[in-house]
Amino acid sequence: MEIVIKPDYDAMSRCAADFVETSLRRKPDLVIGLATGSTPLGLYRELARRHREEGLSFAHATTFNLDEYIGLPADHPQSYHSFMRESFFRHVDLDASRTHLPDGNAADIAAECAAYEAAIRAAGGIDLQVLGIGNDGHIGFNEPSSSLRSRTRIKTLTEQTVRANARFFGGADKVPHHAITVGVGTIFEARQCLLLASGPDKAAAVAAAVEGPLTAMCPASALQFHDACTLILDETAAVGLKRGRYYRYVYDTKPAWQQWEKPAR
Ligand code: F6R
């Protein structure tokens, strides 16, 4: 795992945008796995700015989102379909036919999950998977005790996740309890993973994911087995790491040919 620690949320977001931009310029038809939630909003804003002001193009890219609530109409303001449209898709030149989210209103949820996996395979697999992390260590909606080999399926949200997401819905009683999520196994097959975390409420989950044991009780810990995983954290999300000094040293002394970040602006 590569651990990058940035001073604050904006610096984390810019650094993540550099990572995505570098990947996209190397491979314009990049297949990108996308996350929702508060964490990647700054990344999406910065990518949209680079599209607008610097000509960064997503015209040949394909996207697959991690998850969607079950039972919310796709045009509900809190559906992940709406979230992605408002926070990213409508600001860049992605081809709508190549943006994918699970259909949380499918009549046959199991068939929808199988079709989503098949669509990822048909696109050639995910090149770069962007991830956030829940304060219980979930990635996607793979809650603690999720199989580390799981595929796209229905999951029941924990009470902790329902409470954490209540802020978007104006109350925990309005948060759906079920979601379709790609599995830990699906995420694991991405060629590169990029996990972002910001804020002190993520510090324990980040420490467990990076320095704790590999365990289904912290699904993000599965990333320890991934051979190309970068975490970009802000200072407050990194405070629980015992080897923070070492990670900074590794990053600061990285050979030039390994660097992907743009010079500070
Ligand atoms: C959502 C997703 C979740 C979030 C996690 C953190 O697509 O994949 O795993 O990344 O719940 O959410 P925020 O960023 O709102 O703290």
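Residues numbered from 1 in each chain as written. Predicted model: local features only at pLDDT ≥ 70, side-chain atom pairs only at ≥ 80, totals over all residues. Heavy atoms only, no water.

Quick look at the sheet that holds strand S8 (residues 178-181) now. Where strands meet in a sheet, backbone hydrogen bonds hold them as pairs that are either parallel or antiparallel. Across the sheet, three strands lie side by side as S4-S8-S7; this open sheet has antiparallel pairing. Each having just a single partner strand, strand S4 (67-69) and strand S7 (153-156) make up the two edges of the open sheet. Neighbour-to-neighbour, the strand axes of this sheet turn through a mean angle of 30 degrees, independent of strand direction. As judged from the four bridges shared by S7 and S8, these two strands associate in the antiparallel manner. Bridging from a neighbouring strand, Ile-154 pairs with Ile-180 of S8. (Pairing = 2+ DSSP bridges. Helix = DSSP H or I, 4+ residues; strand = E, 2+ residues; numbered from the N terminus. Axes fitted to C-alpha atoms, helices over the stretch in contact; angles between N-to-C directions.)

With that settled, the discussion passes to the sheet that holds strand S9 (residues 192-197). Spatial ordering of the open sheet is given by S1-S10-S9-S6-S2-S3-S5, a layout of seven strands whose pairing is parallel. Looking at the sheet topology across the chains shown, the edges are occupied by strand S1 (2-6) and strand S5 (99-100). Pairing between strand S2 (residues 31-34) and strand S3 (residues 62-65): four bridges, direction parallel. Pairing of Val-31 across the sheet is with Thr-62, part of S3.

Moving on, we get to the state of the cysteines. Under the definition given, this model contains zero disulfides. The thiol sulfur of Cys-113 is not disulfide-bonded, and the nearest other cysteine sulfur, from Cys-193, lies at 20 Å. We note that Cys-229 lacks a disulfide partner, and the nearest cysteine sulfur, in Cys-193, lies 5.3 Å from it. (Disulfide = S-S within 2.5 Å.)

Inspection of the secondary structure puts Gln-129 in strand S6 (residues 128-131). Judged by relative accessible area, Gln-129 falls into the buried class, the value being 4%. Setting aside residues up to four positions removed in sequence, Gln-129 forms contacts with Gly-33, Leu-34, Leu-66, Ile-187, Ala-190, Gln-192, Cys-193 and Leu-194. (Buried < 20%, exposed > 50% of the residue type's maximum accessible area, 1.4 Å probe, protein only. Contact = heavy atoms within 4.5 Å.)

A word on the pairing of strand S10 (residues 229-234). S10 sits mainly inside the fold: six of its six residues count as buried. Burial of S10 is two-sided: the residues Cys-229, Leu-231 and Leu-233 facing one way and the residues Thr-230, Ile-232 and Asp-234 facing the other way are all buried. With five bridges joining them, S1 and S10 adopt parallel strand pairing. Among the inter-strand pairings, Ile-5 is bridged to a residue of S10, identified as Leu-233. Pairing analysis gives five bridges linking S9 to S10, with the strands arranged parallel. Among the inter-strand pairings, Leu-196 is bridged to a residue of S10, identified as Ile-232. Between S9 and its parallel partner S10, the chain crosses via helix H7 (residues 203-211), and the hand of that crossover is right-handed. (Right-handed = clockwise from strand over helix to strand, strands pointing away.)

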